[in-house]
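Descriptive analysis of the structure
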Amino acid sequence: MAEMDTSGGGGHKKGGPGVKKGKKLSTRVDLTPMVDLGFLLITFFIFTTTVSQPTAMKIFLPKDVDKPEEQNKVKASAVLTIMLGKNDQVYYYEGDDPTKLQPTNYKAVRDVILDKKRRTDTADFVVVLKPTKDASYKNVVNILDEMTIDAVKRFALVDLVSPYEADLIKKTEDANGVK
Amino acid sequence: MTAMCDVAFLLLSFFILTAKFKPSDALTVNTPSSVQTKIAPEKDVVLITIDKDNKVYLSISDGNKAQKQDVIDAISTAQNLNLSDAQKANFVKKAGSYIAVPFSQLPSFLNHSPDELKGIAVPGIPVDSAHNEMVQWIAACKSAFQGGHMYLVVKGDNAAKYPAFQGVKNAFIKNDEMKFQVVTNPVSVPVGTELYKKNMATGSKAVN
């Protein structure tokens, strides 16, 4: 393949009188580096094509139920409410008493959830997620992902942060110097 | 060696030719990451994009031209916009087309092809609770995809705020579309967590 025909034209007599024949050099090319390069490129393309496929997180929204008898009842003691504030801050409280509000962050919230989960009956345990208007989309996806990571079976994404809760968040923010 | 070289370059050309180029998006969105392993759908998709400035865009996957036509026809009639065929074609026929304006600005917006719109500031589809036009758009998409399957996909930017997402979510709820998907970048499951243990136990990487 990688050779050239270096023999002269067909008509000449070989080694004719007065013709000095030069030493015939091999024109074979070493193909090893080329093969190396080829496989290197293949490896590169394989690695770059398969990695960056986006994935999808499925979200099932609950239907709004107006009738009280059709609504799901939860035990107040089994509820963990997580509110998402601005600047990647997380606030949580257990039960139905928002005054016990505690600040945390997205790294530490896993321990909070697991701790509460351990102390509660699995059948009753519910996490209520309340993003405030200052929370970013990333925060919402992160906390939903956290539910998957911590294997929380029942959780609800609720829009309504009551003015009372908003006020408590504001106070905690002021106390902690969150702008 | 020659044969090996041949094989290497044959494989190389095969991979280059089969590789799909990432379509140059008019909108750049940095999606959040999650541990989900399911690949986002590509066909029959109604994609709602939320960019970093909380602007909301709507697009339909390029393979669904019939549905695109139905959607734009329905909106044109319902909102009395009297869109011309040329204006509709800018949404239906052009790849990567999207809607990024309120109904009132739709005719002038559709005078331009998606290529011409690059770099031009657009207001986005209004999704606030007082004036949520996404409700009509989703309703139009829902009837266009009737009989087939429609995937509602939300692709949001990390920096987008919650109210924009909330508006989109409310538009879904108003249309009784309770299932949707969120585009994320895959990351591996953190070691030692419950999900990690579960995956180890079952030997699968399935989530949910």
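Fair warning: this is a prediction, and the values are worked out from it, not measured in the lab.

With 38 residues of chain A at the interface, the matching set in chain B holds 53 residues. Contributions of two or more residues to the side of chain A that touches chain B are made by α1 (32–51), β1 (55–60) and α3 (137–149) of chain A. Here the side of chain A that touches chain B gets 10 residues from one element, more than from any other, and that element is α1 of chain A. Residue classes in the side of chain A that touches chain B are distributed as 23 nonpolar, 8 polar and 7 charged. Bridge analysis of β1 of chain A against strand β7 (residues 179–186) of chain B gives 6 bridges, and the strand direction is antiparallel. When the sheet's bridge partners are listed, phenylalanine 60 of chain A is paired in β7 of chain B with lysine 179 of chain B.

Below, the discussion takes up the confidence of the model for chain B. Here chain B shows a mean pLDDT of 80. Residues at 70 or above account for 93%. With a pTM of 0.73, the predicted complex shows an ipTM of 0.76.

Let us look at helix α5 (residues 134–144) of chain B. Residue and element names in this part refer to chain B. Where α5 is concerned, the buried positions are Met134, Trp137, Ile138, Ala140, Cys141 and Ala144. Down the axis of α5, the buried set is contained in an arc of 160 degrees. They therefore lie on one face. Here the buried face of α5 lies against β2 (45–50), β3 (56–60), α2 (65–78), β4 (127–128), β5 (131–132) and α6 (162–174).

Attention shifts here to the packing of α2 of chain B against α5 of chain B. All names here are of chain B. Axis separation between α2 and α5 bottoms out at 9 Å; the angle between their running directions is 135 degrees. As judged from the angle between their axes, α2 and α5 are oblique. Crossing of α2 against α5: the hand is right-handed. For the pair α2 and α5, contact is made by Gln67, Asp70, Val71, Ala74, Ile75 and Ala78 and by Gln136, Ala140, Cys141, Ser143 and Ala144, respectively.

This next bit is on the environment of leucine 129 of chain A. Residue and element names in this part refer to chain A. Secondary-structure assignment places leucine 129 in strand β5 (residues 126–131). For the pair leucine 129 and arginine 28, spaced 101 residues apart in the sequence, the C-alpha separation amounts to 71 Å. Not counting chain neighbours up to four residues away, the residues in contact with leucine 129 comprise Ile82, Ile143, Phe155, Ala156, Leu157 and Val158.

Calculation criteria
Residues numbered from 1 in each chain as written. Chains lettered and ligands numbered in written order. Predicted model: local features only at pLDDT ≥ 70, side-chain atom pairs only at ≥ 80, totals over all residues. Contact = placed C-beta atoms within 7 Å. Helix = DSSP H or I, 4+ residues; strand = E, 2+ residues; numbered from the N terminus. Nonpolar A, V, L, I, M, F, W, Y, C, P; charged D, E, K, R; others polar. Pairing = 2+ DSSP bridges. pLDDT = per-residue confidence, 0-100. Buried ≥ 20, exposed ≤ 12 C-beta atoms within 10 Å, placed from the backbone. Arc of directions from axis to C-beta. Axes fitted to C-alpha atoms, helices over the stretch in contact; angles between N-to-C directions. Parallel < 35°, antiparallel > 145°, perpendicular 65-115°, else oblique. Left-handed = near helix turned anticlockwise from the far one by under 90°.

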